[in-house]
Amino acid sequence: MDSGDLTLALRPGSGSSSPRVPGALGPGRELPECERLRSRRPSGRKRKNWSCSLIVASLVGAFGSSFLYGYSLSVVNAPAPYIKAFYNESWERRHGHPADSNTLTLLWSVTVSIFAIGGLVGTLMVKPIGKVLGRKYTLLVNNAFAISAALLMASSLLAGAFEMLILGRFLMGVDGGIALSALPMYLSEISPKEIRGSLGQVTAIFICIGVFAGQLLGLPELLGKEALWPYLFGVIVVPAFIQLVSLPFLPESPRYLLFEKHDEVGAVKAFQTFLGKANVSQEVEEVLAESRTWRSVRLTSVLELLRTPSVRWQVITIIITMACYQLCGLNAIWFYTNSIFGEAGIPPEKIPYITLSTGGIETLAAVFSGLVIERLGRRPLLIGGFGLMALFFGVLTVTLTLQDHASWIPYLSIVCILAIIAAFCSGPEKPGHLLFPGVCGNLHHGCYLSLFCPARDQKQNPRRNQPGICQKEQGIPTRGEN
């Protein structure tokens, strides 16, 4: 059955007739009239389809992916003194003398920063892996990196090889790069458009929870001891294993099944599972229409994209936003929170508990952002968040410079750090992720940057070879339309 036949088979009938969906109620059986009205409230507004499968997919996917990313960001803080001592002992055992301060600082800096390098490698791997394996199986295969990294890092002290810890950090970076690319794609493709924005925020919320969990387990009363710090990294196995045994029971992304595998029946079943209803005719028709438009699109190169006047402001907006997002310095705060608090004059025994407050503030700010983002919009949160971060970064610079002049100034530094984290998590963190599809919300996920309604230019100048077609001008339902 081709796309046209499936569209006819799924199109709702008129009058009292009901649509027939392959595999919905069995061959030849018609859906009752109430099924067609299940997804609508009496007022005519669509019901938010929070099915059990959709909730499980979002929680399991986020727990085994974005949670691990956030956990890896903060877990290196608490055991930092013990890891440095381990490096020094390993160096002395091999070379007959302790490592000098510069060498020790270099090894520690590599341990911290190689996580970001692994993230870059993982991001570059997503496209070829995702095209072959799909969204779900990309997340499943990605668990191999997390489990391998956990075993390497947890065994490094026993083996007396600090290289194992550094390699494990790199593999966790690869895991994070793949997860933060594949998971949002999977969640956005399995969710109804009415709740797509809300479900997309699960990724950011679980990053915050992961950061908090890393700080909590790093307390001296738990795993933040000299003999137990390898277990801090071994904990990574638990979320990865839960995702590994749970995700296979959930369907693949229906969009991937239609676009890449051309499996219409499988896509219908996946939609029915995730949406919790038998009549999925409207959703399938929208994807088929998008697929027909996508087949008529020519992808552009990066150079062509930068030269296209019709997309210039969208590209500039995204570049500036992402540059501010990546260069705002928050990762440095996460990686070196304990050092910053130590330089601020905080007693060492109090640092783990103050650091724990940063994870709590981040989680609360992320929840706050999720509650107000649809009401306030992305732009006010972005501008307000970056503005407050700039303000408190300036105050933090002053307080760190003058911290020896008064006993209360170090505590003002703590307030500034908490305010910076709150401003980032309530402003740029989630709106930063959601602005990209928001600017290009009418287009297919794979052509956000290359297609911004250039058909408008084609009408003005038909001889120009434009890179794509605007969905709205082609009559394709866009986000927010019923």
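Everything below is about the structure shown above.
Residues numbered from 1 in each chain as written. Predicted model: local features only at pLDDT ≥ 70, side-chain atom pairs only at ≥ 80, totals over all residues. Heavy atoms only, no water.

(A) Layout of the packing of helix α3 (residues 52–63) against helix α10 (residues 237–246). Running from N to C, α3 and α10 point in directions that differ by 145 degrees, and their axes come no closer than 8 Å. For the pair α3 and α10, the crossing hand works out as left-handed. Seen from α3, the contacting residues are Val60, Gly61 and Phe63; seen from α10, they are Pro239, Ile242, Gln243 and Ser246. Of the residues that constitute the contact of α3 with α10, the class distribution is four nonpolar, three polar and no charged. (Axes fitted to C-alpha atoms, helices over the stretch in contact; angles between N-to-C directions. Helix = DSSP H or I, 4+ residues; strand = E, 2+ residues; numbered from the N terminus. Left-handed = near helix turned anticlockwise from the far one by under 90°. Contact = heavy atoms within 4.5 Å. Nonpolar A, V, L, I, M, F, W, Y, C, P; charged D, E, K, R; others polar.)

(B) Highlighting helix α6 (residues 101–159). Under the 1.5 Å per step criterion, the end-to-end length of α6 is only 23 Å for 59 residues, more than 12% shorter than the ideal 87 Å. The sharpest bend along α6 comes to roughly 115 degrees, located at Gly134. A side-chain oxygen of the first residue of α6 lies 3.1 Å from the backbone nitrogen of Asn102; this N-cap is Asp100. At the C-terminal side of α6, Gly160 shows a positive phi close to 70 degrees. (Expected span 1.5 Å × (residues − 1). Bend = angle between axes of the 7 residues up to and from the residue. Polar contact = N/O pair within 3.5 Å; in protein donor to acceptor, adjacent residues only side chain to side chain.)

(C) Looking closely at the nonpolar core. Tyr87, Met172, Tyr186, Phe233 and Ile236 are the most contacted members of the largest nonpolar core, which totals 55 residues. Among the elements of the structure, α3, α4 (66–74), α5 (80–95), α6, α7 (162–190), α8 (196–217) and α9 (229–234) are those that each provide at least two residues to this core. Of the residues forming this core, the biggest block, twelve residues, is contributed by α6. Ignoring sequence-local partners within four residues, the contact set of Phe233 consists of Val75, Val76, Ile83, Ala150, Met153, Ala154 and Leu165. Within the second largest apolar cluster, 19 residues are counted, among which are Leu330, Ile333, Cys416 and Cys425. (Core = buried A, V, L, I, M, F, W, Y, C linked by side-chain atoms within 4.5 Å. Buried < 20%, exposed > 50% of the residue type's maximum accessible area, 1.4 Å probe, protein only.)

(D) Inspection of the environment of Gly134 at higher detail. You can see Gly134 is positioned in helix α6. A residue is classified by how much of its surface remains accessible, and Gly134, at 0% relative accessible area, is buried. For Gly134, the residues in contact, after removing those within four places along its chain, are Ile129, Glu252 and Tyr256.

(E) A look at the packing of α3 against α4. Two elements in contact, α3 and α4, have axes whose closest approach is 4 Å; the angle formed by their N-to-C orientations is 30 degrees. With respect to α4, the element α3 is oriented roughly parallel. Here α3 contributes Gly61, Ala62 and Phe63 to the contact with α4, which in turn contributes Ser66, Phe67 and Leu68. Within the contact of α3 with α4, the residues separate by chemical class into four nonpolar, two polar and no charged. (Parallel < 35°, antiparallel > 145°, perpendicular 65-115°, else oblique.)

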